[in-house]
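Geometric and topological summary
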Amino acid sequence: MPNISLKNLLARTAVEESVSMECVPKTFAGLPLYGLILVVIGVIILLTVLILELVLLPKRRKLSKEIKKNLLTHAVVTGGSSGIGLAVAKELVKNDCKYITLIARNESKLNKAKEELDAYVTTNDKKSIIQVYSVDVGVVDKVTKAAEDICTSSDVPCPTMLFNVAGTSSSAAFVSTDFQEFERLMNINYLGTAYVTRAFLPYMMKKEGTDENHPRSIMFTSSQAGQLGVFGYTAYSASKYALKGFAEALQMEVGRENITVQLSFPPDTDTPGFEEENKDKPEETRLISETSGLFSAEQVASKMVKSALQKRPPFNVYFGLEGWMLANLTAGMSPVHSILDAIVQIFFKGLLRFISLFYLFDFRNIVHKVGKKRRAEKSE
Ligand SMILES: NC(=O)c1ccc[n+]([C@@H]2O[C@H](COP(=O)([O-])OP(=O)(O)OC[C@H]3O[C@@H](n4cnc5c(N)ncnc54)[C@H](OP(=O)(O)O)[C@@H]3O)[C@@H](O)[C@H]2O)c1
């Protein structure tokens, strides 16, 4: 019978421990191998952070109270009468923006939005002055006239911030999409954004100058469907993808004028526009879009405005975990402003790509399952 007394057990454990310790390979300065690997990884990450912070990432801008006040002088918000645009305007009031101009087509919706914001200003003891301008962002002559009217008014200073939020969506399988729909979405979502920016930019660049005490900012509103082509969004996705090339090129041009360009990628957001789109959204589109969850217009607007007011404003403005993953996966040659995002893009993109394949697998299954269900319904 083996001797299993406590004394013997302790003695055996001590022997085993010393044997197992001897088995761990010792390396430089007596460190075990895994310790050395950790130290090397730590040093590489530390060096990368230093190079990013000191050399590669854009410099943090000065944003004293006074400079922030300059930036928050006059914000123009297209699509400001509803949904995300209206929430952006409210967020600007919260941040004490002095003048806010809302742009949209429907005058009665604009006036209702102004009333809502004026009431918000009064109840929250703010000082923002709200004005509205009715124009279709997709009609170039009208947009240039609007920019001239708004920017040459003697009582209101030139815009310092431009939030391009106006846009619309629709979804249908490609073969069921009307031919005119491609032009309509491109006209509002892409051309509408390009026209407005082209019309306002010259005014934003002059007057007080664009020195470091007078930063300006321009925000574009793409969509998660502008990072990933989704079933049912052949027309919509293309119009939102176009904004990426536009924004990347523009930021390279105007950065030296102290004008920030940012591109936001909202996921499904609870707005009147979203409600309208849901009325005839294909089931596949709905199920795939739902994987990123539903955000409130306030959540999206708060992040957009906060991002515009950062010392180092991010180029990609994303929402939620899926938004973060997509932004890093699709970063390509777009500028990066966050050290964490840069580290993720340098060292962990392969892992993100692997995870993304599970999403694509899931999306493929959704598309096949719904197709099968439809075929079964048809044959009944
Ligand atoms: N809600 C979402 O799930 C979601 C997700 C991703 C991205 N987005 C994007 O976010 C932006 C806002 O969407 P939302 O959901 O807040 O939409 P919304 O509630 O329908 O509001 C759209 C706003 O844009 C204005 N607008 C539309 N077409 C215009 C035009 N041709 N000229 C001038 N103004 C125009 C609308 O006013 P009028 O109709 O009176 O002109 C309204 O003020 C859009 O660019 C959309 O593509 C939305």
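Quantities reported herein were computed from a predicted structural model and do not represent experimental measurements.

**Thoughts on the overall build of the protein chain**
The helix and strand tally for the protein chain stands at 14 helices and 9 strands. Taken over the C-alpha trace, the protein chain has a radius of gyration of 27 Å; the compact-globule value for 380 residues is 21 Å, which it surpasses by more than 25%. Each principal axis of the C-alpha atoms in the protein chain carries an extent, and together these give about 100 × 70 × 40 Å. Residues classed as buried in the protein chain amount to 35% of the 380 residues present. Put simply, of all contacts in the protein chain between residues at least 6 apart along the chain, 76% involve residues at least 24 apart.

**Let's talk about the packing of helix H4 (residues 83–94) against helix H5 (residues 107–123)**
At a closest axis distance of 10 Å, the pairing of H4 and H5 adopts a crossing angle of 25°. The angle between the axes of H4 and H5 places the two elements in the roughly parallel class. For the crossing formed where H4 meets H5, the hand is right-handed. In this structure, H4 uses Leu86, Ala89, Lys90 and Val93 to contact H5, whose residues at the interface are Ala113, Leu117, Tyr120 and Val121. Split by residue class, the contact of H4 with H5 holds 7 nonpolar, no polar and 1 charged.

**A few points about the site of the ligand**
The local shell around the ligand holds 30 residues, among which Gly79, Gly83, Asn106, Gly167 and Gly273 are the closest. Breaking the shell around the ligand down by element, the ones donating at least two residues are H4, helix H7 (179–205) and helix H9 (272–278).

**Some details on the nonpolar core**
Val77, Val88, Ile100, Leu102 and Phe200 are the most contacted members of the largest nonpolar core, which has 71 residues in total. Take this core: its biggest share by element is 10 residues, from H7. With residues near it in sequence (within four places) discarded, Phe200 still touches Val76, Ala147, Cys151, Pro159 and Leu162.

**Quick word on the pairing of strand S6 (residues 259–264)**
For a regular strand, side chains alternate in direction, first toward one face of the sheet and then toward the other. Of all the 6 residues making up S6, 6 are buried; the element is thus mostly covered by neighbouring parts of the structure. Across 6 bridges, the pairing between strand S5 (residues 216–221) and S6 is parallel. Bridge pairing in S6 links Ile218 to Val261. The β-α-β motif built from S5, the intervening helix H8 (residues 234–254) and the parallel element S6 has right-handed crossover chirality. With 2 bridges joining them, S6 and strand S9 (residues 316–317) adopt parallel strand pairing. Counted as the bridge partner of Leu263 is Asn316 from S9.

**Digging into the sheet that holds S5**
A sheet is described by the order of its strands in space; here 7 strands give the open sequence S3-S2-S1-S4-S5-S6-S9, paired in parallel fashion. Of all strands in the sheet, those bounded by a partner on one side alone are strand S3 (129–134) and S9.

**Description of helix H12 (residues 320–329)**
Three or more residues of H12 are buried, namely Gly323, Leu326, Ala327 and Asn328. Next to the buried residues of H12 lie S9, helix H13 (339–347) and helix H14 (349–379).

**Remarks on the packing of helix H6 (residues 140–151) against H7**
Each pair of packed helices gets described by two things: the angle between the helix axes and the distance between those axes. Packing of H6 against H7 leaves a shortest axis separation of 9 Å and a crossing angle of 30°. Compared by their axis directions, H6 and H7 come out roughly parallel. Two packed elements cross with a definite hand, and for H6 against H7 that hand is right-handed. Residues Val140, Val143, Thr144, Ala147 and Cys151 of H6 pack against Tyr195, Val196, Ala199, Phe200 and Tyr203 of H7.

**Points about the UniProt feature "transmembrane region" (unreviewed entry) in the protein chain**
When the UniProt feature table is mapped onto this chain, "transmembrane region" (unreviewed entry) is found at residues 34–57. This span, residues 34–57, is 96% helix and 0% strand, and a straight line between its end C-alpha atoms measures 32 Å.

**Examining H7**
Here H7 contains 27 residues, and its C-alpha end-to-end distance of 38 Å stays within 8% of the 39 Å for a straight helix at 1.5 Å per residue. Most pronounced at Leu191, the bend in H7 amounts to some 40°.

**Examining the pairing of strand S2 (residues 99–104)**
Within S2, 6 of the 6 residues are buried, which leaves it mostly tucked inside the rest of the structure. The alternating pattern of S2 places Tyr99, Thr101 and Ile103 on one face and Ile100, Leu102 and Ala104 on the opposite face, and all of these are buried. Here 5 bridges tie strand S1 (residues 74–78) to S2, and the two strands are oriented parallel to one another. Note that in S2 the partner of Ala75 across the bridge is Ile100. Crossover handedness for the path S1 to H4 to S2: right-handed. Bridge count between S2 and S3: 6 bridges; the pairing is parallel. In the sheet register, Tyr99 faces S3, and the bridge partner there is Ile129. Read from S2 through H5 to S3, the crossover connection turns out right-handed.

**A closer look at unusual backbone geometry**
A positive phi angle, near 65°, is found at Asp96, a position not held by glycine. In this fold, Asp96 is placed in the loop between H4 and S2. Of note, the phi angle at Asn258 is positive, near 65°, even though the residue is not glycine. With respect to the helices and strands, the residue Asn258 is situated in the loop between H8 and S6.

Reading the values: rules and limits
- Residues numbered from 1 in each chain as written.
- Predicted model: local features only at pLDDT ≥ 70, side-chain atom pairs only at ≥ 80, totals over all residues.
- Helix = DSSP H or I, 4+ residues; strand = E, 2+ residues; numbered from the N terminus.
- Rg over C-alpha atoms; globule rule 2.2 N^0.38 Å.
- Buried ≥ 20, exposed ≤ 12 C-beta atoms within 10 Å, placed from the backbone.
- Contact = placed C-beta atoms within 7 Å.
- Axes fitted to C-alpha atoms, helices over the stretch in contact; angles between N-to-C directions.
- Parallel < 35°, antiparallel > 145°, perpendicular 65-115°, else oblique.
- Left-handed = near helix turned anticlockwise from the far one by under 90°.
- Nonpolar A, V, L, I, M, F, W, Y, C, P; charged D, E, K, R; others polar.
- Near = placed C-beta within 6 Å.
- Core = buried A, V, L, I, M, F, W, Y, C linked by C-beta atoms within 7 Å.
- Pairing = 2+ DSSP bridges.
- Right-handed = clockwise from strand over helix to strand, strands pointing away.
- UniProt positions renumbered as here; feature names shortened; annotations may be inferred.
- Expected span 1.5 Å × (residues − 1).
- Bend = angle between axes of the 7 residues up to and from the residue.

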